[in-house]
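Spelled out from the first residue to the last, the chains are:
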Amino acid sequence: MFFNLLQIQMPVGALTSIIHRVTGIFLALSIPFSIYVLNLSLQGPQGYAQVIAWFNQSSFRVAAIILIWALTHHLLAGVRHLLSDVDVGSQLPAARRSAWIVNLGSVVVALLATGVFL
Amino acid sequence: MRRTVTGLRAWLLQRISAIYMLLFIIFFLTHFLVESPDSYQAWHGWMMSSGVSIATLIFFAALMLHVWVGVRDVLMDYIHPLALRIFALTLLGIGLVAITAWVMRILLMEHS
Amino acid sequence: MKLSIFRFNPEQDEKPYMQDYEIELETTDQMLLDVIVRLKVQDDTLTFRRSCREGVCGSDAMNINGRNGLACITPVRALKEPIKLRPLPSFPVIRDLVVDMTQFFKQYHSINPYLINNEPAPERERLQSPEDREKLNGLYECILCGCCTSQCPSSWWNPDKFVGPAGLLQAYRFIIDSRDQATQERLDDLNDPYRLFRCRTIMNCTEVCPKGLAPSRAIEKIRLMMIKESL
């Protein structure tokens, strides 16, 4: 059997799909951490101040930017799928274009977030 | 549909939960852009107002269903030995139930 | 012209290897198949399937520079050198570029690829309005070459349970045929976690189809029909 993923061409739609999957797993793994932060921020003025202090740390901000990129990509790719389900942009040229928009759009949003945060 | 285990149900659940979460995220972000809470009182008051806390609770319920369908899809693709897959799905299910309980405690009991 | 071709003879080789070939292009060499047919004159151990040489039989499906296609309708001059030829990914290799398509056809047959109509046959034929006939365009043209299914990640992971793009395109071809009476049974049969719903709309199938068909859209339309049926 010939099966070498490095030698099989991956069109942009396949790339978008695999990123959709990876970001999905990443976001799922980040849920407990996000809930922990939410809980702390609601626990009282000290907890709230602690969360604000975290947001001022650069390591925390880098993590937040990665999370924002993952969420944006997952969200945009999801909207792309929802539209495709109802036959909007499900033809190949449009689907290729929207796949590029998802991949590049999520990076643009992450860069904007970087500009705001850093 | 006659089959007991259907594919359509999971697929629909994934789509419906996605749409709700999308709307919630837009609502959440809009609030932060329009009147960003600048103090603990403002943040706590907004989050714990009955409308927002219920909407947040539904968000997490949708999130748990979405994660269940999504991660189940991933496991079905890559993990083939039945015992191992059942183990992974069980672990996932327990994790999601635990997270749900945790969120319910936060939003319904602890801080209200 | 330089080519690098996947070679494997299970009777001699322990594992596959890539063999380099060099051949002068002649003016008659238009398609990739023209070149590899002449290569076989040079080296008669080189094995591949071909028949109609005009994109109708689907025999010479192979992986060309990483992308599945039919050698007979792939213009050879447009390809990047060295042209890398490999058998269809994920299908068992019988020898060189020849793959075992048993599983592929098993999935195809599982969707009952024939009209089901229990009414007594009319004297001539079962008539269909031009509008109903129109619905079969873009579906019936499939030649079952296997390019799509072999490039589909969902088929890679679950080839035994997921019908795959080629089979699902044909399923839709019979689901929307106005003469077919088994629509409900066909939809029910596909409504399980694997047969149709492993599809993640990656669209590799539509990308590589040498006939320009769109299995991914057919799958989306089956899903929409299922929703309508269940409401």
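In this text the structure is predicted, and so the values were computed from the model without any measurement.

### Description of the overall build of chain C
The helix and strand inventory of chain C stands at 9 helices and 7 strands. With the principal axes as the frame, chain C shows a C-alpha extent of 60 × 40 × 30 Å. Expressed as a percentage of its 231 residues, the buried residues of chain C come to 41%. In chain C, 65% of the contacts between residues at least 6 apart in sequence involve partners at least 24 apart.

### What about the interface of chain C and chain B?
With 10 residues of chain C at the interface, the matching set in chain B holds 12 residues. Residue classes in the side of chain C that touches chain B are distributed as 5 nonpolar, 3 polar and 2 charged.

### Considering the pairing of strand 5 (residues 83–86) of chain C
Residues and elements named next belong to chain C. In this structure, strand 1 (residues 2–7) lies alongside strand 5, joined through 3 bridges in parallel fashion. By the bridge assignment, isoleucine 5 is partnered in strand 5 with leucine 85. Pairing analysis gives 2 bridges linking strand 3 (residues 61–64) to strand 5, with the strands arranged antiparallel. Residue isoleucine 64 lies in a different strand from strand 5, and its bridge partner there is leucine 85.

### A look at the interface of chain A and chain C
A common way to state how big an interface is: give the accessible area lost once the parts meet. Listed as interface residues are 17 residues of chain A and, on the opposing side, 22 residues of chain C. Every element with two or more residues in the side of chain A that touches chain C is listed here: helix 1 (12–42), helix 3 (58–85) and helix 4 (92–117) of chain A. For the side of chain A that touches chain C, the class distribution of residues is 8 nonpolar, 7 polar and 2 charged.

### Side note on the environment of Met76(B)
All names here are of chain B. Within the element layout of this structure, methionine 76 appears in helix 3 (residues 50–78). Of the residues examined, methionine 76 has 20 C-beta atoms within 10 Å and is grouped as buried. A sequence separation of 13 residues divides methionine 76 from leucine 89, and the C-alpha atoms of the two residues are 9.5 Å apart.

### Comments concerning the domain arrangement of chain C
All names here are of chain C. As far as domains go, chain C holds domain 1 (2–99) and domain 2 (102–230). Here domain 1 and domain 2 have C-alpha centroids that lie 29 Å from each other. Taken together, the contact pairs 14 residues of domain 1 with 13 residues of domain 2. Looking at which element gives the most residues to the side of domain 1 that touches domain 2, the answer is strand 4 (residues 67–70), with 4 residues. Its residues assigned to classes, the side of domain 1 that touches domain 2 shows 8 nonpolar, 5 polar and 1 charged.

### Here's the deal with the sheet that holds strand 1 of chain C
All names here are of chain C. One open sheet accounts for 5 strands, arranged 2-1-5-3-4; its pairing is mixed. This sheet does not close on itself; its edge strands, each paired only once, are strand 2 (17–22) and strand 4. For this sheet the average axis-to-axis angle between neighbouring strands, irrespective of direction, equals 35°. Looking at chain direction, strand 1 and strand 2 are connected through 6 bridges and run antiparallel. Bridge pairing in strand 2 places lysine 2 opposite glutamate 22.

### What about the nonpolar core?
Residue and element names in this part refer to chain C. Among the nonpolar cores identified, the biggest contains 64 residues, and Leu168, Ala171 and Ile222 are the most heavily contacted of them. The biggest single contributor to this core is helix 6 (residues 165–175), with 7 residues. When we break this core down by domain, the ones giving at least three residues each are domain 1 (2–99) and domain 2 (102–230). Beyond its immediate sequence surroundings of up to four residues, leucine 168 is in contact with Val163, Leu196, Pro215, Ala218, Ile219 and Ile222.

### A closer look at unusual backbone geometry
Residues and elements named next belong to chain C. Here the amide bond leading from glutamate 81 into proline 82 is cis, since omega sits at -10°, within 30 degrees of zero. With respect to the helices and strands, the residue proline 82 is situated in the loop between strand 4 and strand 5. In this model, asparagine 65 sits at a positive phi of 50°, which is unusual for a non-glycine residue. When you line up the elements, asparagine 65 lands in the loop between strand 3 and strand 4. Despite not being glycine, aspartate 96 shows a phi value in the positive range, around 45°. Checked against the element boundaries, aspartate 96 lands in the loop between strand 6 (93–95) and strand 7 (98–99).

### Considering the packing of helix 1 of chain A against helix 4 of chain A
Residues and elements named next belong to chain A. Running from amino to carboxyl end, helix 1 crosses helix 4 at an angle of 40°, the nearest separation of the two axes being 9 Å. The orientation of helix 1 relative to helix 4 falls into the category oblique. Of the two elements, helix 1 crosses helix 4, and the hand of that crossing is left-handed. Where helix 1 abuts helix 4, its residues Val12, Gly13, Leu15, Thr16 and Ile19 lie against Ala95, Arg96, Ala99, Trp100, Val102 and Asn103. Considering only residue class, the contact of helix 1 with helix 4 consists of 7 nonpolar, 3 polar and 1 charged.

### Re the confidence of the model for chain B
Chain-level pLDDT for chain B is 91 on average; 93% of the residues reach the 70-or-more range. Of all helices and strands in chain B, the one with the weakest mean pLDDT is helix 2 (residues 40–48) of chain B (92), whereas helix 3 of chain B scores best (96).

### Some points on the confidence of the model for chain C
Residues of chain C with pLDDT of at least 70 account for 100%, and the chain-wide mean is 96. Interface predicted TM-score (ipTM) for the complex: 0.92; the corresponding pTM is 0.93.

### Topic: helix 2 (residues 102–110) of chain C
Residues and elements named next belong to chain C. Among all positions in helix 2, only Phe104, Gln107 and Tyr108 are buried. One face of helix 2 carries all of its buried residues, which in axial projection span an arc of 100°. Turned more than 90 degrees away from the buried face of helix 2 sit Thr102 and His109, all of them exposed. Where helix 2 is buried, its residues touch helix 4 (147–150) and helix 6. A positive backbone phi angle near 55° is found at asparagine 112, which sits one or two residues after helix 2.

What counts, and where the lines are drawn
- All residue numbers refer to position in the chain's written sequence, counted from 1.
- Chain A is the first chain written and ligand 1 is the first ligand written, with later ones labelled in order.
- Whole-chain, interface and lining totals are the exception, using all residues; otherwise, since this is a predicted model, local features are given only for residues with pLDDT of at least 70 and side-chain atom pairs are given and counted only at 80 or more.
- Where helices and strands are cited, they refer to DSSP runs of H or I of at least four residues and of E of at least two residues respectively, numbered from the N terminus.
- With C-beta atoms placed from the backbone, a residue counts as buried when 20 or more other C-beta atoms lie within 10 Å of its own, as exposed when 12 or fewer do, and as partly exposed for counts between those limits.
- Two residues qualify as a contact pair if the distance between their C-beta atoms, derived from the backbone, is within 7 Å.
- Each residue gets one of three labels, nonpolar for Ala, Val, Leu, Ile, Met, Phe, Trp, Tyr, Cys and Pro, charged for Asp, Glu, Lys and Arg, and polar for the others, Gly among them.
- The pairing criterion for strands is at least two bridges between them, as found by DSSP.
- For the domain bounds, the source is a domain assignment made automatically or taken from a database.
- Orientation is described by lines fitted to C-alpha atoms, with helices fitted over the stretch in contact, and by angles between N-to-C directions that extend from 0 to 180 degrees.
- The nonpolar core criterion groups buried Ala, Val, Leu, Ile, Met, Phe, Trp, Tyr and Cys residues into a set whenever they are joined through C-beta atoms within 7 Å.
- Each angle gets one of four labels, with under 35 degrees taken as roughly parallel, over 145 as roughly antiparallel, 65 to 115 as roughly perpendicular, and the rest as oblique.
- Definitions for this section: a left-handed crossing has its near helix turned counterclockwise from the far helix by less than a right angle. A right-handed crossing has that turn clockwise.
- pLDDT measures how confident the predictor is about each residue, on a scale from 0 to 100.
- This arc describes the spread of directions from the helix axis toward the C-beta atoms.

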